[in-house]
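Descriptive structure summary
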Amino acid sequence: MNLQNKNNSKLKAGIFGISGCSGCLLSILFEDTFKKINDLLEIKSFPLIKEDKYKGDFDIVFIEGTVVFDDDIIFLDEIRKRSKIVAALGACSCFGGVPSIKNFKDDEKTMRFVYPKHNHLKSEKPTPINLHIKVDYYLPQCPPNKEEIVSFVNHLASGTQFKNCQDPVCMECRKKGNACLLEEGELCLGPVSNGGCSALCPSNGVGCYGCRGPSKDANMNAYTANLKKRGYNKKSIKDKMETFAGLSFEEEMEKDSKWLGK
Amino acid sequence: MQKIIEKKELNNFVKSLMKNYEVIAPVKRKIARFEILKNPEDMYLDEITLVPLKQFFLPENETLFDFKNNKIKKNKTEGRKRIVFGLRKCDLNALLVLDRVMSYPEYIKKRQNTILVGLYCEKPDEFCFCNSMELEEHYDLFFYASGDKYYISIGSKKGALLVRNLDNADKEVKKEIKNFKKLENKNIEKDYSNKKWDEDVEKCLSCSACTVFCPTCNCFDIQDVKELSENSGKRIKTQSSCQLKSFSEVAGGKIFRESRASRFKHFVYHKIVFYNKRFNKYMCVGCGRCLRACPTRIDWVETINSIKSKKGDKK
């Protein structure tokens, strides 16, 4: 989409959060990321750091967080109408993230475990934003990759095409010359997860959690068969997958339903 | 005439080389790899490295040129003289394979500035099959261990200059590498659609570990990176892999090797068949790194062997 306007002014941007921890919004403020994107964008609204008085339209809006309450949906609808482009920021808004772990558990039990006494509270189902509005771009990861945010904005401002990394985490991990964590007895989702994070976790000895979502080319059958050989059971694999990108791994599983022995 | 050096003198010898050269040698981190040596005692010569040498000639990210306002500024490649120590026969041949296909100036310059010192493989492991790949003798210096001494063969003038102060050997030591694994038959052109391949393809995760650790894999991607809010940027060459879907994707979204089978088989057939057609040499050097690195233990060498042995039975 070409957003460049005739008088060559900067793109108007908004950075919002719905139900979430605001960590992704914060990651924009870290280091010089904010300075860099501020050079290219005219940031009209950013409620985290400044009171939001702007009522006009946006060229680009970043949204962090999961949809949990009805208010979130109303807010999303309004923002979608006001913006030419919507980008989902972070694992929560792309895939449901950590809040959506609840979707895989028994609703009532979870509710009573967290709030044993507050009977008036009602349980909601956390969902990613693309189930409610059209999303043009995804900037996953928990928290999002600062370099990716800058490069996305750079592409947008210069009118060139932005593309997420489609390669598995293993590619970047092996390029760094890391030892394979699977071989070392660590449960790692690297082979089935999207890269683009320069294999941050595996490089530091932590198995990949798949916070950038499942790779489109993932071979789930071979992967889980291999993990079972290494002594992991269905539950431990599922638990790991559900941590950050649970809902989209679930989709991937359904495509490849053989692997869970359904 | 071979030269001779005591095993315990090796570290001192390497130390003396480090005065004038950048010495690259295998070291053991979590996995064995080549690194620029800071201390001769770090050197680890007991087993073949998992990470190949190619990153020193084909870096993961390499800036080809910078551009600013339609003007191109070429980067000068550093001309530091280097010695690579402890190369196995497969590593040395892998460089010959790359020499035939890589002809851009950065690569050639790095190659010319590098002296190659080989080392005889005492204990090839269960993945090595270099004897099957018709390797050549190519080195500047080559070390054969025998007793408590190294016997050094000299392959070039550059190499001879390095060892001119060492004693001459009283006898000639030459050994052949003993492999356990064999690639029985390399004439596999007609077996492309053999069903035996499917078992391997089913196991493949397309994680590209085989190509990243292959010493002869050299596929790359070219990207233009624009600087923020300026009319400048750079063109970089990054390491890529034929096992990735994105590798064969072209403008418009068409992917030429969509299926996992075609990608997996391309890796094997490029090594054994396609390269051989052009250069009459095998691209595979039999180092077995692809088999060692594979998380699902795919063994394409055994697959070829079983395809071929089955045919022999029928006849």
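Keep in mind that this is a model prediction, so the values were computed, not measured.

Across the boundary between the two partners, chain B contributes 34 residues, which contact 27 residues of chain A. Carbon and sulfur atoms supply 53% of the area buried between chain B and chain A, which totals about 2,500 Å² over both sides. Three residues, B:Leu205, B:Leu228 and B:Pro295, lead the burial of chain B against chain A; their summed loss comes to 24% of the area buried on that side. Connecting chain B to chain A are five salt bridges.

Right, let's get into the packing of aromatic side chains. For the coordinates displayed, the defined rule picks out 23 aromatic pairs over all chains. Grouped by ring-pair contacts, the aromatic residues B:Tyr192, B:Trp197, B:Phe264, B:Tyr269 and B:Phe274 constitute a single cluster. For A:Lys240, the ring lying beneath its charged end belongs to A:Tyr209, and the centroid distance is 4.0 Å. Of note, B:Lys7 hangs over the ring of B:Tyr150, and the distance from its end group to the ring centre comes to 5.6 Å.

A word on the layout of surface pockets. All names here are of chain A. Estimates place the volume of the second largest pocket at around 690 Å³. Looking at the second largest pocket, it is lined by 29 residues, and the ones nearest its centre are Phe95, Asn130, Tyr138, Lys216 and Ser248. Those elements that provide at least two residues to the lining of the second largest pocket are α4 (90-95), β5 (137-139) and α10 (234-255). Top element by residues in the lining of the second largest pocket is α10. It accounts for five residues. Residue composition of the lining of the second largest pocket, grouped by class: eleven nonpolar, ten polar and eight charged. Counting residues domain by domain, the lining of the second largest pocket receives three or more from each of domain 1 (11-158) and domain 2 (169-260).

What follows covers helix α9 (residues 220-229) of chain A. Considered for burial, the residues of α9(A) that qualify are A:Met220, A:Ala222, A:Tyr223, A:Thr224, A:Asn226 and A:Leu227. Positive phi appears at A:Gly231, one or two residues downstream of α9(A), with a value of about 100 degrees.

Time to look at the pairing of strand β1 (residues 11-17) of chain A. Residues and elements named next belong to chain A. A large share of β1 lies buried, amounting to five of its seven residues. Pairing of β1 with strand β2 (residues 41-45), which is carried by four bridges, proceeds in the parallel orientation. Across the sheet, the residue bridging to Gly14 is Ser45, located in β2. Both β1 and strand β3 (residues 58-64) contribute to a ladder of five bridges, which runs parallel. Counterpart to Gly14 in the pairing with β3 is Val61.

Right, let's get into the sheet that holds strand β2 (residues 22-28) of chain B. Residues and elements named next belong to chain B. Read across the sheet, eight strands follow the order β3-β2-β6-β7-β8-β9-β1-β10 without closing on themselves; strand pairing throughout is mixed. The open sheet has two free edges, formed respectively by β3 (32-36) and β10 (167-168), since each of these has just one partner strand. In this sheet, β3 lies alongside β2 in antiparallel orientation, the contact comprising five bridges. By the bridge assignment, Pro26 is partnered in β3 with Phe34.

Evaluated as defined, the whole model comprises six cavities of 30 Å³ or more. Considering the residues around the largest cavity, the lining is formed by 17 residues, among which B:Cys204, B:Cys210, B:Phe264, B:Cys294 and B:Ile298 are closest to the centre. Elements supplying a minimum of two residues to the lining of the largest cavity: α6 (209-213), α7 (260-279) and α8 (289-293) of chain B. Across the lining of the largest cavity, the residue classes break down as 13 nonpolar, four polar and no charged. Forming the boundary of the second largest cavity are A:Val169, A:Cys170, A:Cys173, A:Arg174, A:Ala179, A:Cys180, A:Leu181, A:Leu182, A:Cys188, A:Gly190, A:Pro191 and A:Pro202. With four residues, helix α7 (residues 169-175) of chain A is the single largest residue contributor to the lining of the second largest cavity. Tallied by class, the residues present in the lining of the second largest cavity amount to ten nonpolar, one polar and one charged.

The next thing to look at is the packing of helix α5 (residues 196-203) of chain B against α7(B). Residues and elements named next belong to chain B. Running from N to C, α5 and α7 cross one another at 110 degrees; their axes reach a closest spacing of 9 Å. Here α5 lies roughly perpendicular to α7, going by the angle between them. Touching Trp197, Asp200 and Val201 of α5 are Arg260, Ala261, Phe264, Lys265, Val268 and Tyr269, all from α7.

A word on the domain arrangement of chain B. Interface size is often expressed as the accessible area that is lost when the parts come together. All names here are of chain B. When its domains are assigned, chain B resolves into domain 1 (3-168) and domain 2 (189-314). Between domain 1 and domain 2, the C-alpha centre-to-centre distance is 25 Å. Facing the 36 residues of domain 1 at the interface are 38 residues of domain 2. Approximately 3,400 Å² of surface area, both sides summed, lies buried where domain 1 meets domain 2, with 63% of it carried by carbon and sulfur atoms. At the surface where domain 1 touches domain 2, the tally comes to four salt bridges. Elements that contribute at least two residues to the side of domain 1 that touches domain 2 include exactly β4 (61-68) and α2 (89-101). Tallied by class, the residues present in the side of domain 1 that touches domain 2 amount to 21 nonpolar, five polar and ten charged.

Turning our attention to helix α1 (residues 10-20) of chain B. Those residues of α1(B) that fall on the buried side of the exposure criterion are B:Leu10, B:Phe13, B:Val14 and B:Leu17. All buried residues of α1(B) fall inside an arc of 95 degrees around its axis, so they share one side.

Residue and element names in this part refer to chain B. Taking strand neighbours across the sheet as the criterion, the four strands line up as β5-β4-β12-β11 in an open arrangement whose pairing is antiparallel. Where the open sheet ends on each side, the last strands, each with one partner, are β5 (71-74) and β11 (220-226). Within the sheet, the average angular offset between the axes of one strand and its neighbour, ignoring direction, is 25 degrees. In this structure, β11 lies alongside strand β12 (residues 232-239), joined through seven bridges in antiparallel fashion.

Turning our eyes to something else, we now look at the nonpolar core. Ranked by internal contacts, the top residues of the largest apolar core, which has 65 residues, are B:Leu53, B:Val268, B:Ile272 and B:Trp300. Where this core is concerned, the elements lending two or more residues are β4, β6 (82-87), α2, β8 (141-146), α5, α7, α8 and α9 (300-314) of chain B. In terms of residue count, the dominant contributor to this core is α7(B) (seven residues). A domain-level breakdown of this core finds at least three residues from each of domain 1 (3-168) and domain 2 (189-314) of chain B. Residues A:Ile18, A:Cys208, A:Ala245 and B:Val212 belong to the second largest nonpolar core, which totals 51 residues.

The rules behind these values
- Residues numbered from 1 in each chain as written.
- Chains lettered and ligands numbered in written order.
- Predicted model: local features only at pLDDT ≥ 70, side-chain atom pairs only at ≥ 80, totals over all residues.
- Heavy atoms only, no water.
- Contact = heavy atoms within 4.5 Å.
- Buried area = accessible area lost by both parts, 1.4 Å probe.
- Salt bridge = Lys/Arg side-chain N within 4 Å of Asp/Glu carboxyl O.
- Phe/Tyr/Trp six-rings, centres within 6.5 Å; stacked < 30°, edge-to-face > 60°.
- Lys NZ or Arg CZ within 6 Å of the ring centre and 35° of its normal.
- 1 Å grid on protein atoms, 1.4 Å probe; cavity = no way out; pocket = protein on both sides within 12 Å on 5 of 7 lines; lining within 4 Å.
- Points joined across faces, edges and corners; volume = space filled by probe spheres on them.
- Helix = DSSP H or I, 4+ residues; strand = E, 2+ residues; numbered from the N terminus.
- Nonpolar A, V, L, I, M, F, W, Y, C, P; charged D, E, K, R; others polar.
- Domains from an automatic or database assignment.
- Buried < 20%, exposed > 50% of the residue type's maximum accessible area, 1.4 Å probe, protein only.
- Pairing = 2+ DSSP bridges.
- Axes fitted to C-alpha atoms, helices over the stretch in contact; angles between N-to-C directions.
- Parallel < 35°, antiparallel > 145°, perpendicular 65-115°, else oblique.
- Arc of directions from axis to C-beta.
- Core = buried A, V, L, I, M, F, W, Y, C linked by side-chain atoms within 4.5 Å.

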